[in-house]
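Per-entry structural report
Listed here are the chains, written in short residue letters.
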2 protein chains.
Amino acid sequence: MKLAEYLFQRLHELGIESIHGVPGDYNLELLDYVEPAGLLWVGNTNELNAAYAADGYARIKGIGALITTFGVGELSAVNAIAGAYTERAPVVHIVGIPARESHEKRLLIHHTFNDGEYRRFAEIHSRITVAQARLWDIRTTQQQIDDILLRCLLHSRPVYIEIPTDLVALTIIPDDGMKPLEIPKAVYDPSWESVLDQITVRIHSAKQPIIIVDGETRPMGIIQGVQKLLEITRWPVWTTPFGKGLLDETAPNFHGIYQGTFAQTEVNEFFNRADLILCFGPHWSSRPDVSIVFTDEAVEFNNKKHRNIPAAYIVSHLVHSLNLSPAQQYEPYPSLPHDFKLPVPDPSDNQPLVQDRLWPVLANILRPGDIILGETGTAGYGVRAMPLPKHTRVFTPVTWLSIGYMLPASQGAALAQRELIRSHKYFGLSSGRAILIIGDGSFQMTVQELSTIIRHNLNIMVILINNDGYTIERCIHGRRQKYNDIARWRYLQAPSFFGADPDTYVGSVKTFGELGSILTDNRFIDGSGLRMVELFVGREDAPTGPLLHYLQIQKEGESAGDNV
Amino acid sequence: MKLAEYLFQRLHELGIESIHGVPGDYNLELLDYVEPAGLLWVGNTNELNAAYAADGYARIKGIGALITTFGVGELSAVNAIAGAYTERAPVVHIVGIPARESHEKRLLIHHTFNDGEYRRFAEIHSRITVAQARLWDIRTTQQQIDDILLRCLLHSRPVYIEIPTDLVALTIIPDDGMKPLEIPKAVYDPSWESVLDQITVRIHSAKQPIIIVDGETRPMGIIQGVQKLLEITRWPVWTTPFGKGLLDETAPNFHGIYQGTFAQTEVNEFFNRADLILCFGPHWSSRPDVSIVFTDEAVEFNNKKHRNIPAAYIVSHLVHSLNLSPAQQYEPYPSLPHDFKLPVPDPSDNQPLVQDRLWPVLANILRPGDIILGETGTAGYGVRAMPLPKHTRVFTPVTWLSIGYMLPASQGAALAQRELIRSHKYFGLSSGRAILIIGDGSFQMTVQELSTIIRHNLNIMVILINNDGYTIERCIHGRRQKYNDIARWRYLQAPSFFGADPDTYVGSVKTFGELGSILTDNRFIDGSGLRMVELFVGREDAPTGPLLHYLQIQKEGESAGDNV
């Protein structure tokens, strides 16, 4: 078995069916083994986009991979790999590097700094990946590959593998007959029981408990457990933006994303009176006095971090043993707001689009199985208030907030979705769509990946929010500054330019009536492949919340005489 | 004077009139000061492209700058900054970072890894820049800025400046009344004379001397001296690919790029008999036995490196003192080949385009003052054999070879060219064009920067070589592998999609007759702003030389039964 065959077989075992990336002369030999291993080579237009796409794929399938070339290729992917690290997407970044002799002789070859220093690129990746492996001695490569793939899964973070060209086709004899890769389990310790007991006491004594679910429940592997806990307790639950779309949001005790200072008054009053907050994931840190916070390395409460006890153990135990009285289950259930839809507008409705009405209207198109991607910008805020059908997944700005991410991520996510559907692992559903909602500034960053979407005929609806520039930046600072302007493109020509069928569906929307027509047009909502609509929205319009708040502060500063 | 004002005034003094980059919330305050300082804000579509463009600008104007935002912005620029480091483009990378308090408190804010570690991005940049400055204490910022800008100029390599948002508008009182920045000169040492004497002896005793000029003559600041030396000696001169376009290539002793093993037999015989090779720049390393190699830190001959003596000193001395006899000046001049043009084809010429004929035909459109950019790929090889008018500059693959570089670089170079023309510093010329020749695979990588070219109405002719994929990779390995295919775009729709005037010139060329018509069409060759033609060339066609050689090796392997 050749080294490349071993690597790709391992990736395949873990659920990877497609590999993203860009060819380059130090990875071509490696690429010869991709399709023979039963893997699809995606072939992205550039490496940043390839890494974003692999991240999107990983968030849906549990792991993703990309292949780039030494120096010029891998460095273009740095920003995306850093984002995957931050937001915990398990991406395997494989880099084809020069033959070992070139390194040893410090040859002055292309794609180096021409100074014989070959290690700088790996040093850079050591800052943005959770583990690195330089395959060098064929006798250790199997162990290195197995170890690093497990690290990728365990931490749900990117890893980095360097493969010299002269190692690709060397023969290895797998030990253990290729025993399946499994994440090592924590070893039970009797001290866990005391922690569990303290938590159980806190739960039983709570008068006004609530639950917060963060996106890190996914890498922690406890989504199903938490879902059951919500059903058992019937306690009011909110998510962080990162947690949006991970739970059954049709449940009566689900109240959407907690908006902090921008939440409704009755929500904040309820939060402030809470005497227990079960918080799954680390992205919410207010009210530590009453919180029990579950992270992947500790459970924290009463100012104490209990390390080593897995959240999954506690959640599973609670699910099986918790016995709450009706009083502890909020009977009667308190009056708390839910996210809502607004009716699909009548075609005669001439109101120009405004964001506060836009999002509850757009929510009508969502179906079970959809993947909704709301790019950083007004879209990222807008999708937060959409009520979701079951089995949906949402991509929304979390921490990294790199504009340009969502378009390639939609390529990876839609490809992963299609693979899951084809192998009957997608909630019993036989179809699924990805819905990318993205501002014009973000769209420009990585636009060429539309061609990969077209090339692989992925089922993606693109909803472009054209507000003539970086509205998110205008809201934060410099609302009238030219640096927040962008070039004006003819956006709806994109499908044609990037090679789509001439009859690809495109639409343009300025009023709610036009939006209503498009939201009921089967060519748009039931089509396959790429289709695209452009929504024209005001330059200084945003969903009510932080962006409009910052904008208001700017305007008040202006009338007080500040510089704009 | 505010810190931002000081920085931008310094950049302006050094010749920077435009700043590339992308806005982001940690640099918006900084951007408020760009236009008031008399600088144009370019506003690129993404950071990789912005850095490529700043590199192109720097190569024409002597220094360039870009502004990005913390994390997400600066990391997207990494590949381009590494390329500028490798190929010695002096680029000032300015990054707006969070306020100092955020770092000190390790706040978990967006654009971080959410772990309180703020220094990783700067660590990454320390691998790819020649100097770094983190502005932090207002009392030292002036000195830090002055020092790092000098380092940028001295090494002709990128530098990295971090500016916290809370420092931007603080007041500084410049010492020295802002004394002009000047690169420190080397201090004369009497030991230099012995080196100079040895070189002079070698020159006078040479029977068959030749000269090689590399692109590092530009950062070494000796182009004019070397040019004079060529005129005085009348010795045969070749350049490396990096040196193409730096000299007056109309001189009778100029013989184009030395092609190494792919050079004509008579050239290689002449090289092999040479008993002295004056080599300006480090990118040519054959025949050290007879070479005197000038680099920016040493002069090397007889297996000895003489450090600290500046190449400029030696060159200047030779120019003023060298006195050669007619015999030492090749009278009669040897018979050596020159690059040549082929006639512009008649419109009736139905031969499909082939690369060996294409490049000598394309050479007819070149004019004094043109900047020719031949992207990595067949174009990069093709432009190497073009005879050049005076005052042209050529961008061609050197060491970094990052495909996607040339399109944004053409934006930066054309902008720099326009600024030089407008300030009457461009060889006395009142107009100039940039001619971008680029393959389809490269074009896809960074295509959106066409919109910046359109937005700023830059005078750029785009000649797209459509050979249906990565032909350079096909030649190297996997000529029939699908991974070297790319999506098929409708390339000529690009100007319209990216917002150009509907009457922007576009043309499509399959035969030499069609090429002839376009090369004599004033709308193409005399137009202003963007115009674009698409040339259809065979998938496995390349200029005679290394690419076709590699392809031939593959084909021989196939007929011998190897895997393809």
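Values in this document were obtained by computation on a predicted structure and should not be read as measured data. (Residues numbered from 1 in each chain as written. Chains lettered and ligands numbered in written order. Predicted model: local features only at pLDDT ≥ 70, side-chain atom pairs only at ≥ 80, totals over all residues. Heavy atoms only, no water.)

A few words now on the nonpolar core. Of all hydrophobic cores here, the largest spans 226 residues; its most connected members are A:Phe8, A:Phe443, B:Phe8 and B:Phe443. The residues contacting A:Phe8, other than those within four sequence positions of it, are A:Ile19, A:Leu30, A:Tyr33, A:Val34, A:Ala37, A:Leu39 and A:Ile67. In this structure, A:Phe271, A:Ala274, A:Ile292 and A:Tyr330 belong to the second largest nonpolar core, which totals 50 residues. (Core = buried A, V, L, I, M, F, W, Y, C linked by side-chain atoms within 4.5 Å. Buried < 20%, exposed > 50% of the residue type's maximum accessible area, 1.4 Å probe, protein only. Contact = heavy atoms within 4.5 Å.)

Two numbers describe a pair of aromatic rings. These are the distance of the centres and the angle of the planes. Using the criterion set out here, one finds 51 aromatic pairs over all chains in the structure. When the centroid spacing of 3.8 Å and the interplanar angle of 10° are considered together, the rings of A:Tyr258 and A:Phe271 count as stacked. With A:Tyr258 in the loop between β9 (254-257) and α12 (265-273) and A:Phe271 in helix α12, this residue pair connects regions lying 13 residues apart in the sequence. Given the relative accessible area of 14%, A:Tyr258 is considered buried. Centroid distance A:Tyr426 to A:Phe427: 4.9 Å. Interplanar angle 55°. Geometry classified as tilted. Pairwise contacts between aromatic rings join A:Phe443, A:Trp489, A:Tyr491, A:Phe497, A:Phe498, B:Phe443, B:Trp489, B:Tyr491, B:Phe497 and B:Phe498 into one cluster. For the cation-ring pair, A:Arg384 lies above A:Tyr381, with the distance from its terminal atom to the ring centre recorded as 4.8 Å. (Phe/Tyr/Trp six-rings, centres within 6.5 Å; stacked < 30°, edge-to-face > 60°. Helix = DSSP H or I, 4+ residues; strand = E, 2+ residues; numbered from the N terminus. Lys NZ or Arg CZ within 6 Å of the ring centre and 35° of its normal.)

Attention shifts here to helix α3 (residues 47-61) of chain A. Residues and elements named next belong to chain A. Over its 15 residues, α3 runs 20 Å from end to end, which matches the ideal 21 Å to within 8%, given 1.5 Å per residue. Burial analysis of α3 places 15 of its 15 residues in the buried class, the great majority of the element. Immediately downstream of α3, the backbone of glycine 62 shows phi near 95°, a positive value. (Expected span 1.5 Å × (residues − 1).)

A few words now on the relation of the copies chain B and chain A. Each copy of the sequence occupies a distinct position, and chain B is placed on chain A by a rotation of 180° and an axial shift of 0.0 Å, giving an RMSD of 0.0 Å. What the superposition gives is, in effect, a two-fold axis relating one chain to the other. Among all residues of chain B, the one whose C-alpha sits closest to the rotation axis is B:Ile124, at a distance of 2.6 Å. Taken as a fraction of all interface residues of chain B, those also at the interface in chain A reach 100%, which identifies the copy contact as same-surface. (Least-squares fit on C-alpha atoms with pLDDT ≥ 70 in both.)

Here we come to the sheet that holds strand β12 (residues 298-301) of chain A. Residues and elements named next belong to chain A. Read across the sheet, seven strands follow the order β9-β8-β7-β10-β11-β12-β13 without closing on themselves; strand pairing throughout is mixed. Looking at which strands have only one partner, the edges of the open sheet turn out to be β9 and β13 (304-307). Taking each pair of neighbouring strands and ignoring which way they run, the sheet shows an average axis angle of 15°. Pairing of strand β11 (residues 291-294) with β12, which is carried by two bridges, proceeds in the antiparallel orientation. When the bridges of β12 are listed, valine 293 appears paired with glutamate 300. Each of β10 (276-280), β11, β12 and β13 touches helix α9 (residues 191-205); the most contacted strand, β12, lies at about 45° to it. (Pairing = 2+ DSSP bridges. Axes fitted to C-alpha atoms, helices over the stretch in contact; angles between N-to-C directions.)

For the rest of this paragraph, the subject is the interface of chain B and chain A. Facing 73 residues of chain B, the contacting portion of chain A comprises 73 residues. When the buried surface of chain B facing chain A is broken down by residue, B:Arg127, B:Tyr483 and B:Phe497 rank first, second and third, together holding 13% of it. Linking chain B to chain A there are four salt bridges. Among the salt bridges present, the one from B:Lys482 reaches A:Glu35, with a minimum N-O distance of 3.6 Å. Linking chain B to chain A there are 43 residue pairs in polar contact (both at pLDDT 80 or more). The dominant element in the side of chain B that touches chain A, judged by the number of residues it contributes, is helix α5 (residues 78-86) of chain B, at five residues. Grouping the amino acids of the side of chain B that touches chain A by side-chain chemistry returns 34 nonpolar, 25 polar and 14 charged. (Buried area = accessible area lost by both parts, 1.4 Å probe. Salt bridge = Lys/Arg side-chain N within 4 Å of Asp/Glu carboxyl O. Polar contact = N/O pair within 3.5 Å; in protein donor to acceptor, adjacent residues only side chain to side chain. Nonpolar A, V, L, I, M, F, W, Y, C, P; charged D, E, K, R; others polar.)

Bringing the confidence of the model for chain A into the picture now. Here chain A averages 95 in pLDDT, while 99% of its residues score no lower than 70. What the predictor reports for the complex is a pTM of 0.97 with an ipTM of 0.96. (pLDDT = per-residue confidence, 0-100.)

Residues and elements named next belong to chain A. Contact geometry of helix α1 (residues 3-13) with helix α8 (residues 141-155) gives a least axis separation of 11 Å together with a crossing angle of 25°. With respect to α8, the element α1 is oriented roughly parallel. In the packing of α1 onto α8, the handedness of the crossing is right-handed. Facing α1, whose interface residues are Leu3, Tyr6, Leu7, Arg10 and Leu11, α8 presents Thr141, Gln142, Ile145, Asp146 and Leu149. (Parallel < 35°, antiparallel > 145°, perpendicular 65-115°, else oblique. Left-handed = near helix turned anticlockwise from the far one by under 90°.)

Another point: the environment of B:Pro98. All names here are of chain B. Tracing the chain through its elements places proline 98 in the loop between β4 (91-97) and α6 (100-104). In this structure, the C-alpha to C-alpha distance between proline 98 and glutamate 162, residues 64 residues apart in sequence, is 9.6 Å. Residues within four places of proline 98 in sequence aside, it is in contact with Tyr26, Phe70, His103, Ile109, Tyr118, Pro164 and Thr165.

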